[in-house]
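Given next are the chains, with one letter for each unit.
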Amino acid sequence: MQKVLIIAGCTAVGKSAFALELSKSINMEIISADSVQVYRGIEVATSKPTKAEERLCPHHLINIVSPFEKFNAFNFIDLAKKAIAEITDRGNLPVVVGGTGLYIDSLIFGYDFVSDRTHLSDYEFKFVLIEQDRDMLYSRINQRVDLMIKNGLVEEVKKLREIGINLDCQCMQAIGYREIWSYLDGEISLPEAIALIKKNTRNYAKRQITWFNHNDCERWNIKDLDRLYQELLETYPEYKK
């Protein structure tokens, strides 16, 4: 069976940074399990990898869909399976990283969207969940939102509006965009929009935590990532650099 590592967690918990650090010691490629990172042009609020990070470790399922299109779990499963096969053929470890619980569960449990049933998966999974103290998590969320504004979230939403994106587009469900949209429409002030983004992101993190609490997975506090790092090196000796 093909081996697949899953590194999951709620937004801003540090899962992507950990995966990139792991790639320094393991021959691996990352498959994004994020329902928003698939969209081209939806950049600032999605924490997509930088060009330097993509050079460090190849990433898949990022910037593959027009912002005018829809993307769902069925699409994810189809593309993720193809990526897993290609990565395995190259002799690397497929590592699924993300916080979209439905995508991850659909991959783990082999959900069949045609027959509307589940079946045993074709993969040998190791599923680790990174957790963090809630106060620290909320602090990280607030810092991330402030950085989004600094990095041009308002300008990005303006450009999306100019090319014809509207609030009915699925990509606009991403937290940050609708709030800035309301600001640009004069419905709320920019400080109010920023506060709302932070609040909605915290609420989203709570929903992610609730979702993953139903999963049978290894739970690792962010303070213990050094130990997790060593365990993964021992689990996948055939992929060590």
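Further up the page is the structure itself.
Quick caveat: nothing in here was measured; it's all calculated off a predicted structure.

Draft legend 1. Spatial organisation of the pattern of salt bridges. Under the defined criterion, the tally for this structure stands at 11 salt bridges. The shortest N-O distance in the salt bridge between Lys-24 and Glu-21 comes to 3.1 Å. According to the relative accessible area criterion, Lys-24 is partly exposed, its value standing at 48%. Using a relative accessible area of 37% as the deciding quantity, one classes Glu-21 as partly exposed. Two residues, Lys-126 and Glu-231, come together in a salt bridge whose shortest N-O distance is 3.0 Å. One end of the pair, Lys-126, is in strand β5 (residues 123-131); the other, Glu-231, is in helix α9 (residues 225-235), with 105 residues separating them in the sequence. The class of Lys-126 is buried, set by a relative accessible area of 13%. In this structure, a network of salt bridges that share partners links the residues Lys-126, Glu-218 and Glu-231.

Draft legend 2. A look at the layout of surface pockets. For the largest pocket, the calculated volume is near 860 Å³. Together, 40 residues line the largest pocket, and Asp-34, Gln-37, Thr-46, Ser-47 and Arg-144 are the ones closest to its centre. At the level of secondary structure, the elements contributing two or more residues to the lining of the largest pocket comprise α1 (15-22), β2 (28-33), β4 (93-98), α5 (134-150) and α8 (190-212). Class assignment of the residues belonging to the lining of the largest pocket gives a composition of 17 nonpolar, 16 polar and 7 charged.

Draft legend 3. Structural context of the sheet that holds β5. A sheet is described by the order of its strands in space; here 6 strands give the open sequence β3-β2-β4-β1-β5-β6, paired in parallel fashion. Of all strands in the sheet, those bounded by a partner on one side alone are β3 (59-60) and β6 (218-221). Of the strand pairs in this sheet, β5 and β6 are connected by 4 bridges, and their pairing is parallel. In the strand pairing of β6, Val-128 is matched with Glu-218. Relative to the sheet, α1 contacts β1 (2-8), β2, β3, β4 and β5, its axis offset from that of β1 by approximately 140 degrees.

Draft legend 4. Region of the structure containing α5. Given a rise of 1.5 Å per residue, 17 residues ought to cover 24 Å, and the 24 Å separating the end C-alpha atoms of α5 matches this to within 8%. For α5, the complete set of buried residues consists of Leu-137, Tyr-138, Ile-141, Val-145, Met-148 and Ile-149. With its buried residues spanning 115 degrees around the axis, α5 presents them on a single face. What points out from α5, more than 90 degrees from its buried face, is the exposed set Asp-135, Gln-143 and Lys-150. Those residues of α5 that are buried are in contact with α6 (153-162), α7 (177-184) and α8. The N-terminus of α5 is capped by Asp-133, whose side-chain oxygen sits 3.1 Å from the backbone nitrogen of Asp-135. Taken from the residues just after α5, Gly-152 is the one with a positive phi, measuring 105 degrees.

Analysis parameters
- Residues numbered from 1 in each chain as written.
- Predicted model: local features only at pLDDT ≥ 70, side-chain atom pairs only at ≥ 80, totals over all residues.
- Heavy atoms only, no water.
- Salt bridge = Lys/Arg side-chain N within 4 Å of Asp/Glu carboxyl O.
- Buried < 20%, exposed > 50% of the residue type's maximum accessible area, 1.4 Å probe, protein only.
- Helix = DSSP H or I, 4+ residues; strand = E, 2+ residues; numbered from the N terminus.
- 1 Å grid on protein atoms, 1.4 Å probe; cavity = no way out; pocket = protein on both sides within 12 Å on 5 of 7 lines; lining within 4 Å.
- Points joined across faces, edges and corners; volume = space filled by probe spheres on them.
- Nonpolar A, V, L, I, M, F, W, Y, C, P; charged D, E, K, R; others polar.
- Pairing = 2+ DSSP bridges.
- Contact = heavy atoms within 4.5 Å.
- Axes fitted to C-alpha atoms, helices over the stretch in contact; angles between N-to-C directions.
- Expected span 1.5 Å × (residues − 1).
- Arc of directions from axis to C-beta.
- Polar contact = N/O pair within 3.5 Å; in protein donor to acceptor, adjacent residues only side chain to side chain.

Everything listed is a geometric property; what it means functionally is a separate question.
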